[in-house]
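Notes for the structure review
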Amino acid sequence: MLEADLHRLAHWLRLLGQDAILLPGDINKADVIKHPERVFITTSRKLEEHFKAWGIDYLILPKEDWKVQLCLLIKYFQIEPVLKLDRCYHCNERLLSISREEVKERVPKKVYLYGRNFTLCPYCGKVYWRGSHYPKLRRTLREVLGSC
Ligand SMILES: [Zn+2]
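Residues numbered from 1 in each chain as written. Predicted model: local features only at pLDDT ≥ 70, side-chain atom pairs only at ≥ 80, totals over all residues. Heavy atoms only, no water.

A separate point is the overall build of the protein. Along its length, the protein carries seven helices and five strands. If you list the helices and strands of the protein from N to C, you get α-α-β-α-β-α-β-α-α-β-β-α. Across its three principal axes, the protein shows a C-alpha extent of roughly 55 × 35 × 20 Å. For the protein, the residues scored as buried account for 40% of the 148 residues in total. When contacts within the protein are restricted to residue pairs at least 6 apart in sequence, long-range pairs at least 24 apart make up 49% of them. Element-wise, carbon and sulfur atoms account for 50% of the exposed surface of the protein, whose accessible area totals about 9,100 Å². (Helix = DSSP H or I, 4+ residues; strand = E, 2+ residues; numbered from the N terminus. Buried < 20%, exposed > 50% of the residue type's maximum accessible area, 1.4 Å probe, protein only. Contact = heavy atoms within 4.5 Å. Areas by Shrake-Rupley, 256 points an atom, 1.4 Å probe, with all protein chains shown as cover.)

A few words on the packing of helix H1 (residues 7-15) against helix H4 (residues 66-76). A pair of packed helices is captured by two measures, namely the crossing angle of their axes and the spacing between those axes. Between H1 and H4, the shortest axis-to-axis distance is 10 Å and the interhelical angle comes to 45°. Considering the angle they form, H1 stands oblique to H4. Crossing of H1 against H4: the hand is right-handed. Residues Arg 8, Leu 9, Trp 12 and Leu 13 of H1 form the contact with H4, whose own contacting residues are Trp 66, Gln 69, Leu 70 and Leu 73. Split by residue class, the contact of H1 with H4 holds six nonpolar, one polar and one charged. (Axes fitted to C-alpha atoms, helices over the stretch in contact; angles between N-to-C directions. Parallel < 35°, antiparallel > 145°, perpendicular 65-115°, else oblique. Left-handed = near helix turned anticlockwise from the far one by under 90°. Nonpolar A, V, L, I, M, F, W, Y, C, P; charged D, E, K, R; others polar.)

Within the protein, the zinc ion binds to Cys 88 (SG), Cys 91 (SG), Cys 121 (SG) and Cys 124 (SG); these donor distances fall in the range 2.2 to 2.3 Å. In this structure, the zinc ion is surrounded by four donor atoms whose angles at the metal cover 101 to 123°, and the resulting shape is tetrahedral. Donor residues for the zinc ion, ordered by position in the chain, follow C-x2-C-x29-C-x2-C. One end of the pair, Cys 88, is in the loop between H4 and strand E3 (96-97); the other, Cys 121, is in the loop between strand E4 (116-120) and strand E5 (127-130), with 33 residues separating them in the sequence. Like Cys 88, the residue Cys 121 is buried in the burial classification. (Donors = N, O, S within 2.8 Å, 3.2 Å for Na, K, Ca; no water. Tetrahedral: all angles 85-135°; square planar, octahedral: opposite > 155°, others 65-115°.)

Before going further, it helps to spend a moment on the domain arrangement of the protein. Assigned domains within the protein: domain 1 (4-76) and domain 2 (96-146). Centre-to-centre, using C-alpha coordinates, domain 1 lies 27 Å away from domain 2. Counting residues at the interface gives eight residues for domain 1, matched by six residues for domain 2. Interface area, domain 1 with domain 2, both sides summed: about 580 Å², of which 86% is carbon and sulfur. For domain 1, the biggest contributors to the area lost against domain 2 are Trp 12, Lys 67 and Cys 71; these three give 61% of the whole. With its nearest N and O atoms 2.9 Å apart, the salt bridge here joins Glu 143 to Lys 67. (Domains from an automatic or database assignment. Buried area = accessible area lost by both parts, 1.4 Å probe. Salt bridge = Lys/Arg side-chain N within 4 Å of Asp/Glu carboxyl O.)

Here we take up the nonpolar core. Counting 23 residues, the largest nonpolar core has Leu 2, Trp 12 and Leu 70 as its most contacted members. Of all the elements in the fold, those that place two or more residues in this core are H1, H4 and helix H7 (133-146). Residues lining this core come from more than one domain, with at least three contributed by each of domain 1 (4-76) and domain 2 (96-146). If we ignore the near neighbours within four places in the chain, the residues touching Leu 70 are Leu 9, Trp 12, Leu 13, Leu 16 and Val 144. (Core = buried A, V, L, I, M, F, W, Y, C linked by side-chain atoms within 4.5 Å.)

Written out as structure tokens, the structure is:
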């Protein structure tokens, strides 16, 4: 579980197949203790005493570039640094495989014809496919790993 400001990091964790939820708003006890099984990830040192009092697992990241933060998390949680693309980037839900025919009405014609590996988020209904954005994501990930 990440503080709201770390949304970019949460998105990347999801791309790597990690179950990462975002705090909806400011850090507050009610929201944080709702998920006792999760590690709360934040850059806020000033609330550390509260985290201890709330009895939660937490990790304080340096206020650095998100790429540096992602490297730290990959090392800390021993995350396999590959694009899994099995979770919804937006809502963290696990994606379901769907066939080309099933997406026909929902994606542009070009995507229908040339897209591969179609998946659907059962929560928000977003359709994903492996297209031109995929090499770009891989490049960005390589960059991140290169700076680790
Ligand atoms: Zn979704």
